[in-house]
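Here's the letter readout for the chains.
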Amino acid sequence: MQNLFKITKYSLDAGANHIFRTGYRYGVIFVLHGTCQFSGEIQQLCRPSDIIFLKPGQTKEILTLSQKSSCALLCIMIPEKSLTALSDATCDLAEKFRFAPYETAVIPGEMKSAMLLRNMVIKLDALKDEDIKLGTELYEKSLFTAFLALFLRTCIQSDQVHQSHQKKMLIIDDVFEYISQHLTEDLSLKRLEEEFFISGEHISREFKKSAGVTLHSYITRARIDLSKKYLLQGLSVRDVCQMCGFSSYNHFFKMFKQECGMTPMEYYRKTRKI
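In this text the structure is predicted, and so the values were computed from the model without any measurement.

Colleague: Just checking my understanding: could you explain the nonpolar core for this structure?
Modeller: Soluble, globular proteins show a tendency: their nonpolar side chains are buried together. By size, the foremost hydrophobic cluster in this structure holds 32 residues, and its most contacted members are I76, F144 and F147. Within the residue set of this core, elements represented by two or more residues are β3 (25-33), β6 (51-54), β8 (71-79), α1 (80-86), α2 (93-99), α3 (114-126) and α4 (136-181). With eight residues, the single largest contributor to this core is α4.

In structure tokens form, the structure reads like this:
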């Protein structure tokens, strides 16, 4: 089985690095302990239980981030010919590995199967030292094949999570942009639902996670900031109220005093004196 894969352990001292060159092989690297940085398309922080996936022809650097603590890695290198040899009519492993993962080069350790994958590689590495040799080759081949199939499934799941996260971030960026461009118009949850085809509850929840304030508070503060500009231009309070999208004069008066600690006219007089 040595020709099907190669398992190597690496211990990086504090501040050290290691350069991985895959050649004609795939590399699956497990972070056993410590924190390191992976130099992919972007710099990615890797924590214990995270999995780094390298494809053939890549040269990538992994370095420890701490000057005080080391980092341990477990790497299994898989030649492309091994994938071809283990493929069957139901699954072309060589083809599947070529396209996975679709987006992520680092699979987070929070994935349910990450720990199982790591333990499978540890078991594969330990088999060479076991005294019992009966059925070892069959067991190795079966365990290794199961590892490959589970890794592919994990890549797909990780990619789905990644895409879902990216979609949420994209949606919230669009909401910010829409608010800035339609600040004086109707910005009710119902209107946002119609614009983005997503439930108002979902928009509110994700907006709070991203901005740190509720959607209502953000819109109110943005409208108050706009109203200050109009007030300093000498427009009447009632005109400013209508121009900034507030539902009523009383609501505008209340929100302005709540946000600024003074009434609109007090703000105008105080600012004009400065």
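Colleague: Help me understand unusual backbone geometry in this model?
Modeller: Excluding glycine, residues mostly have negative phi values, and the peptide bonds linking residues are mostly trans. At S49, a residue that is not glycine, the phi angle is positive and equals roughly 85°. Along the chain, S49 falls in the loop between β5 (43-46) and β6.

Colleague: How do you make sense of the side chain of R223 when you look at a structure like this?
Modeller: Among the secondary structure elements, R223 is positioned in helix α7 (residues 215-232). Despite its burial, R223 remains without a salt bridge, the nearest opposite charge being carried by D186 at 6.2 Å. Here E185 takes part through its backbone oxygen, which lies 2.7 Å from a polar atom of the side chain of R223. Among the polar contacts made by the side chain of R223, one reaches the main-chain carbonyl oxygen of C244 at a distance of 3.2 Å. Each residue touching R223, except ones within four places of it in the same chain, is listed here: L183, E185, L187, C244, G245 and F246.

Colleague: What's the story with the packing of helix α5 (residues 189-196) against helix α6 (residues 200-211) in this structure? I'm lost.
Modeller: Put simply, α5 and α6 touch, their axes get as near as 9 Å, and they point 95° apart. By the angle between their axes, α5 is roughly perpendicular relative to α6. Residue-level contacts link L189, L192 and E193 of α5 to G200, I203 and S204 of α6.

About the thresholds
Residues numbered from 1 in each chain as written. Predicted model: local features only at pLDDT ≥ 70, side-chain atom pairs only at ≥ 80, totals over all residues. Heavy atoms only, no water. Core = buried A, V, L, I, M, F, W, Y, C linked by side-chain atoms within 4.5 Å. Buried < 20%, exposed > 50% of the residue type's maximum accessible area, 1.4 Å probe, protein only. Helix = DSSP H or I, 4+ residues; strand = E, 2+ residues; numbered from the N terminus. Lys, Arg positive; Asp, Glu negative; His and termini not counted. Salt bridge = Lys/Arg side-chain N within 4 Å of Asp/Glu carboxyl O. Polar contact = N/O pair within 3.5 Å; in protein donor to acceptor, adjacent residues only side chain to side chain. Contact = heavy atoms within 4.5 Å. Axes fitted to C-alpha atoms, helices over the stretch in contact; angles between N-to-C directions. Parallel < 35°, antiparallel > 145°, perpendicular 65-115°, else oblique.

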